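Residue-level structure breakdown
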Amino acid sequence: MAQVRVLHKIMALLPANSIPAMNNSDTRIAGCFLTGIPGLEHLHIWLSIPFCIMYIATLAGNGILICVILSQAILHEPMYIFLSMLASADVLLSTVTVPKVLANFWLGYSHISFDGCLTQMFFIHFLFVADSAVLLAMAFDRYVAICSPLQYVMILTNEVIGKIVAAALSRSFVIMFPSIFLLKRLHYCRINIIAHTFCEHMGIAHLSCSDISINVWYGMAAALLSTGLDIILITVSYIHIIQAVFRLPSKDARSKALRTCGSHICVILLFYIPALFSVFAYRFGGRHIPRYVHILLANLYVVIPPMFNPIIYGVRTKQILEGAKQMFSNLAKGSK
């Protein structure tokens with residue numbers, strides 16, 4: 001009954017012509033309703049302010065970072081090419097989620113079509129897996145640069161970089177595309193309310209009255225074979241990197257190598273820690289941690305890492321900082 005009351009409140013807030021006809025709670029016809037953050041509905045307006053600020057900062061910071069890398073020839077190196085990919089994926093990940101969240105918080109427009117929900121779900125998971133693959137590629141770049149510096153140019157050629165990019169995108173697509181069909185095969189007969197700010201795989205699956213065991217196992221396998229494997233490979237790479245750094249004879253060389261890797265390590269931690277904490281809190285602390293905490297965590301890991309990544313690289317990477325100064329200097333001269 002509580003869910004029914006929530007649905008009635010949601011539908012009362014919507015314009016009459018925006019409420020789809022519902023036939024036996026057929027989710028495919030009626031679409032879904034995203035409740036926002038359950039238990040914090042009275043704070044939605046206030047929560048929208050930091051979300052909006054972080055989204056604008058994400059667009060501005062990553063946009064500037066991409067422009068700097070593209071405009072400065074000195075930054076046309078593998079490390080910065082991967083960084084521009086990470087920035088692009090971050091912008092897309094935030095854009096797939098935050099505008100819908102703000103529309104819900106500001107306008108109370110919580111309805112989304114079933115196909116729209118599936119599309120959002122696919123791109124959220126696709127971009128998250130792609131982000132993880134780019135971080136792995138960046139770890140490989142640092143591994144080659146520090147452990148095999150004389151072979152760096154021969155190993156990371158433009159052709160190899162192209163293959164890495166194609167592999168990252170292909171893997172993300174192959175892993176996440178089946179989830180659409182796994183959700184479409186289910187029979188939906190329950191109230192179509194998703195207690196979240198955006199659509200995600202298990203949130204949609206729980207609307208079904210069919211057996212969702214395959215979806216559960218698929219979700220776990222996809223996470224382990226993508227993000228889980230990436231974490232293991234990144235950890236192994238950095239174990240070798242740290243060993244190589246401390247074998248360097250010069251203290252200045254060690255400091256430079258550690259500074260170069262420091263930015264990447266910060267970005268890795270910022271990306272994986274909130275995501276992993278959210279996953280483990282949901283799996284093992286579901287009964288003890290309030291639902292709104294899970295939703296807040298899920299929202300934070302799609303806005304905080306994208307917002308801080310350009311700040312971390314801009315502050316800690318001299319080449320990017322100098323490139324940004326040069327780009328803005330050229331713009332200022334051009335406007336005179």
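None of the values given here were measured: they were computed from a predicted structure. (Residues numbered from 1 in each chain as written. Predicted model: local features only at pLDDT ≥ 70, side-chain atom pairs only at ≥ 80, totals over all residues. Heavy atoms only, no water.)

**With respect to the overall build of the chain**
Across its full length, the chain carries 13 helices and 3 strands. The burial tally for the chain puts 46% of its 336 residues in the buried class. Here the analysis covers contacts within the chain between residues at least 6 apart in sequence; of these, 77% occur between residues at least 24 apart. As displayed, the chain offers around 17000 Å² of accessible surface, 70% of which is attributable to carbon and sulfur atoms. (Helix = DSSP H or I, 4+ residues; strand = E, 2+ residues; numbered from the N terminus. Buried < 20%, exposed > 50% of the residue type's maximum accessible area, 1.4 Å probe, protein only. Contact = heavy atoms within 4.5 Å. Areas by Shrake-Rupley, 256 points an atom, 1.4 Å probe, with all protein chains shown as cover.)

**So, the nonpolar core**
By size, the foremost hydrophobic cluster in this structure holds 84 residues, and its most contacted members are Leu83, Leu135, Met138, Leu183, Ile194, Cys199 and Ile204. Ranked by the residues each element gives to this core, the list is headed by helix α5 (residues 114-147), at 16 residues. Once residues lying within four places of it in the same chain are set aside, the contact partners of Leu135 are Leu86, Ile234, His264, Val267, Ile268, Phe271 and Tyr272. (Core = buried A, V, L, I, M, F, W, Y, C linked by side-chain atoms within 4.5 Å.)

**A look at the state of the cysteines**
Counting across every chain of the model gives 1 disulfide. A disulfide bridge connects Cys117 with Cys199, and the sulfur atoms are separated by 1.9 Å. Between Cys117 and Cys199 the sulfur-sulfur dihedral comes to about -110 degrees; the bridge is accordingly left-handed. Here the residue Cys117 occupies a position in helix α5, and Cys199 occupies one in the loop between β3 (193-194) and α8 (201-205), the gap between them amounting to 82 residues. Each member of the pair, Cys117 as well as Cys199, carries the same accessibility label: buried. (Disulfide = S-S within 2.5 Å.)

**What about the UniProt feature "transmembrane region" (unreviewed entry) in the chain?**
Using the residue numbers shown here, the UniProt feature "transmembrane region" (unreviewed entry) corresponds to residues 52-75, 81-109, 121-140, 160-183, 231-249, 261-280 and 292-315. Within residues 52-75, the helical portion is 83% and the strand portion 0%, while the C-alpha atoms at the span's ends are 31 Å from each other. Secondary structure content for residues 81-109 is 93% helix and 0% strand, and the end C-alpha separation is 38 Å. (UniProt positions renumbered as here; feature names shortened; annotations may be inferred.)

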